[in-house]
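# Summary of the model geometry
Listed below are the residues making up each chain.
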Amino acid sequence: MAGIPLSDDYPVRRVPAVTYALIAANVVVYLLSPLSLLAVWYGTGQLPRACAIEHYLLRWAAVPTELLGGGQVGASGPCPDPGHTKVAWLSALTSMFLHGGAAHLIGNMVYLSVFGPVVEDRLGRMRYLVLYTASGLVATYAFALTQASAEMPLVGASGAISGVLGAYLLVQRRSRVVTLVLVVVPVRLPGWALVGTYFILQYFLYVSVSAYPGAEGGVAYAAHVYGFIAGVLGAVLMHRIRWRSGTRRVDVH
C-alpha cells in the first residue's frame, strides 16, 4: 500500500450501510474460520488445524485452475480428502470474504472503511454494491487467467477494494486524505495522489512479478491491478447513469 489512510474529508451525507455491512461480513467470516485462533472448535493440535485450514480453503477459496474448468483440486499430504463438491464460479464470490490472517484482514478493512463510504455516497448504495462485487469477480478471474494452471487458493477482498479505489479516483478525487506515511507520520494528501500512487505501485509490482515468476511472495498483484481498472470503468458508467437520471426533467401533475 502507498500509506495507511486514516480519514477522508468528504462529508458523507448518510450512513454508509453497505460499507459497514461488508466490513462486518469480512470480520465475522474471518473470526469463524479455522484461520482465526479464536475458532477453537477446529481443534488445537497442529495437524488438525492445518487440515481444517486446507479443507476450508479448498472449499471456499478461488483456485485458478478450477475457475478455468480444470477440475476440482483435492487435499494433499496427510490431510484426508474432504469429499465435498465445489461450485467453482461461486468460489470467486466467497473468496472475497476470506483472509489469510489478521493483518491481511485489517489492512483491507482500513482501506475499505476510508474510501468505501465516499464511493457509496457518490454512487448510491446499490450501484456501489454492484461495483464492489463486479470488481472483485473481475479481479479474481483476471488473476486466474494470468495463472491458469495454479492450484494455490486465492483469498481476500483486495480485488474488490481496489475497484473501490478506482471508482474513488473518478467520483471524488479532489478530497484530501489523512495518511500515515512511514507508519508514524500523518500527512494530508490529495485523494487522487494516494489512490494513483497505489495503482502505480501495484502495476509496477505486477509487471515485476510477470518478469520474474515466483517473486510475488503470495500477493496477487494482478488481481489488484485488474480490480482497480474494473472500478474505474464501472464508475465511469455508473456515475454517468446517475448524473443523467438526476438531471432528467420531471413533469409534476
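If you're wondering where the values come from, they're calculated on a predicted model, not measured in any experiment.

Analysis parameters
- Going along each chain's sequence as written, the residues are numbered from 1 onward.
- Given that the model is predicted, a residue must reach a pLDDT of at least 70 before its local features are reported, and side-chain atom pairs must reach 80 or more before they are shown or counted; all residues, however, enter totals for whole chains, interfaces and linings.
- Side-chain numbers here rest on the full set of heavy atoms in the structure, without hydrogens or water.
- The definition of a nonpolar core used throughout is a set of buried Ala, Val, Leu, Ile, Met, Phe, Trp, Tyr and Cys residues joined through side-chain atoms within 4.5 Å.
- For the exposure calls, accessible area comes from a 1.4 Å probe over protein chains only, and a residue counts as buried if that area is under 20% of its type's maximum, exposed if over 50%, partly exposed in between.
- Elements are defined by DSSP. Helices are runs of H or I of four residues or more, strands are runs of E of two residues or more, and each kind is numbered from the N terminus.
- Only heavy atoms matter for contacts: two residues are in contact if any of them lie within 4.5 Å across the pair.
- Here a helix's expected span is defined as the number of its residues, less one, multiplied by 1.5 Å.
- Pairing between two strands requires that DSSP report at least two bridges joining them.
- Helix axes are fitted only over the stretch in contact, all axes being lines through C-alpha atoms; the angle between N-to-C directions runs from 0 to 180 degrees.
- Any angle from 65 to 115 degrees is called roughly perpendicular, while one under 35 is roughly parallel, one over 145 is roughly antiparallel, and all others are oblique.
- Take the far helix as the reference: if the near one is turned anticlockwise from it by less than a right angle, the crossing is left-handed, and if turned clockwise, right-handed.
- UniProt positions are given in the numbering used here, feature names are shortened, and annotations may be inferred rather than shown by experiment.
- A pair of Phe, Tyr and Trp rings is counted when the ring centres sit within 6.5 Å of each other, with Trp represented by its six-membered ring. The angle between the planes then sorts it: under 30 degrees is stacked, over 60 is edge-to-face, the rest tilted.
- Throughout this entry, Asp, Glu, Lys and Arg are counted as charged residues, while Ala, Val, Leu, Ile, Met, Phe, Trp, Tyr, Cys and Pro are counted as nonpolar. The remaining residues, Gly among them, count as polar.

## Section: the nonpolar core
Of all hydrophobic cores here, the largest spans 39 residues; its most connected members are L112, F115, V119 and Y132. Elements with a minimum of two residues in this core: α1 (17–32), α2 (46–60), α5 (102–123), α6 (125–146), α7 (158–171), α8 (191–211) and α9 (221–247). In terms of residue count, the dominant contributor to this core is α5 (9 residues). With residues up to four places along the chain from it excluded, the contact list for V119 reads G124, Y128, V164, A167, Y168 and V171. Ranked by size, the runner-up nonpolar core spans 13 residues in total, among them L154, A220, A222 and V225.

## Comments concerning α2
The end-to-end C-alpha distance of α2 is 21 Å, a good match for the 21 Å that 15 residues give at a rise of 1.5 Å each. Residues of α2 that are buried: R49, C51, A52, H55, Y56, L57 and L58. Contacts made by the buried residues of α2 are with α1.

## Here's the deal with the side chain of S162
Structurally, the position occupied by S162 is in helix α7. Among all residues touching S162, those that are not within four sequence positions of it are Y198, H224, G227 and F228.

## With respect to the sheet that holds strand β3 (residues 185–190)
The strand order across the open sheet built from 3 strands is β1-β2-β3, with neighbouring strands paired in antiparallel fashion. With one partner strand each, in any of the chains shown, β1 (4–8) and β3 form the two edges of the open sheet. When the angles between neighbouring strand axes are averaged without regard to direction, this sheet yields 30 degrees. In the packing of α5 onto the sheet, the strands contacted are β1 and β2 (176–181), and the crossing angle to β1 comes to about 30 degrees.

## Structural notes on the packing of α5 against α6
The geometry of α5 relative to α6 is characterised by a closest axis approach of 7 Å and an angle of 130 degrees between their N-to-C directions. Comparing the axis directions of α5 and α6 gives the class oblique. The way α5 lies across α6 gives a crossing that is right-handed. Every residue of α6 that contacts α5 at L112, G116, V119, E120 and L123 is listed here: R125, R127, Y128, L131 and Y132.

## Observations concerning the UniProt feature "transmembrane region" (unreviewed entry) in the chain
UniProt records the feature "transmembrane region" (unreviewed entry) at residues 20–44, 87–107, 128–146, 152–171, 178–201 and 221–239, using the numbering of this structure. Within the segment residues 87–107, helix and strand shares are 62% and 0% respectively, and the terminal C-alpha atoms sit 29 Å apart. Secondary structure within residues 128–146 divides into 100% helix and 0% strand; the distance between the first and last C-alpha atoms comes to 27 Å.

## Considerations on the packing of aromatic side chains
Counted according to the given criterion, the structure contains 7 aromatic pairs. An angle of 40 degrees between the planes, with centres 6.3 Å apart, marks the rings of Y198 and F228 as tilted. Placement of the pair is Y198 in helix α8 and F228 in helix α9, with a sequence separation of 30 residues. Overall, the relative accessible area of 3% leaves Y198 in the buried class. A residue is classified by how much of its surface remains accessible, and F228, at 4% relative accessible area, is buried.

## Some details on the packing of α1 against α5
Orientation of α1 relative to α5, taken along the N-to-C sense of each, is 170 degrees, at an axis distance of 8 Å. When the interaxial angle is binned, α1 and α5 end up roughly antiparallel. Touching A17, V18, T19, L22, I23, N26, V27 and Y30 of α1 are A102, L105, M109, L112, S113, G116, P117 and E120, all from α5. When grouped by side-chain class, the residues that make up the contact of α1 with α5 number 11 nonpolar, 4 polar and 1 charged.

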